[in-house]
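Spelled out from the first residue to the last, the chains are:
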Amino acid sequence: MIDVNGIQLHIAEQGEGPLVVLLHGFPESWHSWRHQFAPLAEAGFRVVAPDQRGYGGSDRPEDVSAYSILHLVGDVVGLIHALGEERAFVVGHDWGAPVAWHTALLRPDVVRGVAGLSVPPPFRGDRPPLQTMRERFEGRFYWNYFNRPGVAEAEFADTRTTLRKLLYSASGDAPDAGRPEQALVDLERGWLTDAPDPEVLPEWLTEEDLDVLTESFEPGFTGALNWYRNLDRNWELTAPWQGAVVSPPALYVYGDKDLVPAFPGTPELIEKLPDLMPNLRKPLVLPGCGHWTQQERPAEVNEALIGFLTELRD
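Keep in mind that what you see is a predicted model, and the values were worked out from it rather than measured.

**Here we look at empty space enclosed by the protein**
Phase 1: Inspection of every chain in the model, using the stated rule, returns two cavities of 30 Å³ or more.
Phase 2: Of the voids in this model, the largest cavity is the one considered here, and its volume is about 80 Å³.
Phase 3: Residue lining of the largest cavity: Glu28, Ser29, His31, Ser32, Arg34, Leu167, Leu205, Asp209, Leu210, Leu213 and Gln295, and that is the complete set.
Phase 4: In terms of residues, the lining of the largest cavity owes the most to one element, helix α8 (residues 207-216), which gives three residues.

**Quick look at unusual backbone geometry**
Phase 1: At the junction of Phe26 and Pro27, the peptide bond is cis and its omega measures out at -10 degrees in the coordinates.
Phase 2: Within the secondary structure layout, Pro27 lies in the loop between β4 (19-23) and α1 (37-42).
Phase 3: Not every positive phi belongs to a glycine, and Ser118 is a case in point at roughly 80 degrees.
Phase 4: Judged by relative accessible area, which is 0%, Ser118 ranks as buried.
Phase 5: Of note in this structure, Glu138 is not a glycine but carries a positive phi near 55 degrees.
Phase 6: Judged by relative accessible area, which is 68%, Glu138 ranks as exposed.

**Topic: the packing of aromatic side chains**
Phase 1: On inspection of all chains with the given rule, the structure shows 25 aromatic pairs.
Phase 2: Of note, Arg124 hangs over the ring of Trp235, and the distance from its end group to the ring centre comes to 4.1 Å.

**Considering the environment of Pro128**
Phase 1: If you trace the backbone, Pro128 turns up in the loop between β7 (111-117) and α4 (129-137).
Phase 2: For Pro128, a relative accessible area of 16% gives the class buried.
Phase 3: Sequence spacing of Pro128 and Val47 is 81 residues, and the spatial spacing of their C-alpha atoms is 35 Å.
Phase 4: Beyond its immediate sequence surroundings of up to four residues, Pro128 is in contact with Asp232 and Trp235.

**Considering the nonpolar core**
Phase 1: In this structure, Phe26, Tyr142, Trp143, Phe146 and Phe156 are the most contacted members of the largest nonpolar core, which totals 77 residues.
Phase 2: With residues up to four places along the chain from it excluded, the contact list for Phe146 reads Phe26, Ala152, Phe156, Trp191, Leu225, Tyr228 and Arg229.
Phase 3: Listed in part, the 22 residues of the second largest apolar core include Val47, Val253, Cys289 and Ala304.

**Structural notes on the packing of helix α2 (residues 69-82) against helix α3 (residues 96-106)**
Phase 1: It is the contact of α2 with α3, at a shortest axis distance of 9 Å, that shows an interaxial angle of 80 degrees. Comparing their axes, α3 and α2 come out roughly perpendicular. Within the contact between the two elements, α2 uses Ile69, Leu70, Leu72, Val73, Val76 and Val77 and α3 uses Pro98, Val99, His102, Thr103 and Leu106.

About the thresholds
- Residues numbered from 1 in each chain as written.
- Predicted model: local features only at pLDDT ≥ 70, side-chain atom pairs only at ≥ 80, totals over all residues.
- Heavy atoms only, no water.
- 1 Å grid on protein atoms, 1.4 Å probe; cavity = no way out; pocket = protein on both sides within 12 Å on 5 of 7 lines; lining within 4 Å.
- Points joined across faces, edges and corners; volume = space filled by probe spheres on them.
- Helix = DSSP H or I, 4+ residues; strand = E, 2+ residues; numbered from the N terminus.
- Buried < 20%, exposed > 50% of the residue type's maximum accessible area, 1.4 Å probe, protein only.
- Phe/Tyr/Trp six-rings, centres within 6.5 Å; stacked < 30°, edge-to-face > 60°.
- Lys NZ or Arg CZ within 6 Å of the ring centre and 35° of its normal.
- Contact = heavy atoms within 4.5 Å.
- Core = buried A, V, L, I, M, F, W, Y, C linked by side-chain atoms within 4.5 Å.
- Axes fitted to C-alpha atoms, helices over the stretch in contact; angles between N-to-C directions.
- Parallel < 35°, antiparallel > 145°, perpendicular 65-115°, else oblique.

From the geometry alone we can't say anything about function, so treat these as descriptive.
Laid out in structure tokens, this is it:
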């Protein structure tokens, strides 16, 4: 446990050398980086993965507004400094990717290099995202579903089944993997009703992994869901950075069966990224990989990260 930004964060740590901060997404924990610790440490890096605020063993503020992107970036900057460093490499997956990208955008002086898995670099739109998706999909997009207080919490009451279904359905192993309609919710029946539930877990996910993750969500999902409830607030707060571009050296990795890169407007953004961000390496696409990038394809992700980080270190 470490005091950061007015709260306590639980961290996992391994290795010595330049600091690499690994930021998980939803619905995950530090454990989602289990395959990255040893390889990165052996490559000469100090690896730290927190449970981000609202998750696992870290604090869960009650105020919804305490989960804004500025709070989350503040946690990362505070963590780097609390660990005795002035600068670090920052890597994020899923929700952790926007936190990593925004840390590099808002505090490039602190970020030696940034990598995002699944979610591409941020380019602020012209309208609030929750409003945009609500109008486009009549409130059925999962962001809007999560924005309804208590509704998703009630549906997710069976923690282990919820996690098993969410992890499997968004993976490259699931039927219809990567189709954007997976992000739409039947508002009468809920999101999980029709989600596939595997009889046997895919190779990248063990029952022991699911045990660890289930235990981390025993206090409930509210803290994690509060991140989504700040999407429009984040849009308002980041107005000063409209048109700004992530400037530190950057790497983007995603699977071709991941539904996130298939979101409306995202394929077009990804195609333009090399022209929009001069310090971005050519995006790496992993064939057959779904949403859980570093868990489904640890060898390829580790190779890409070690190559990127070593180049910048040396």
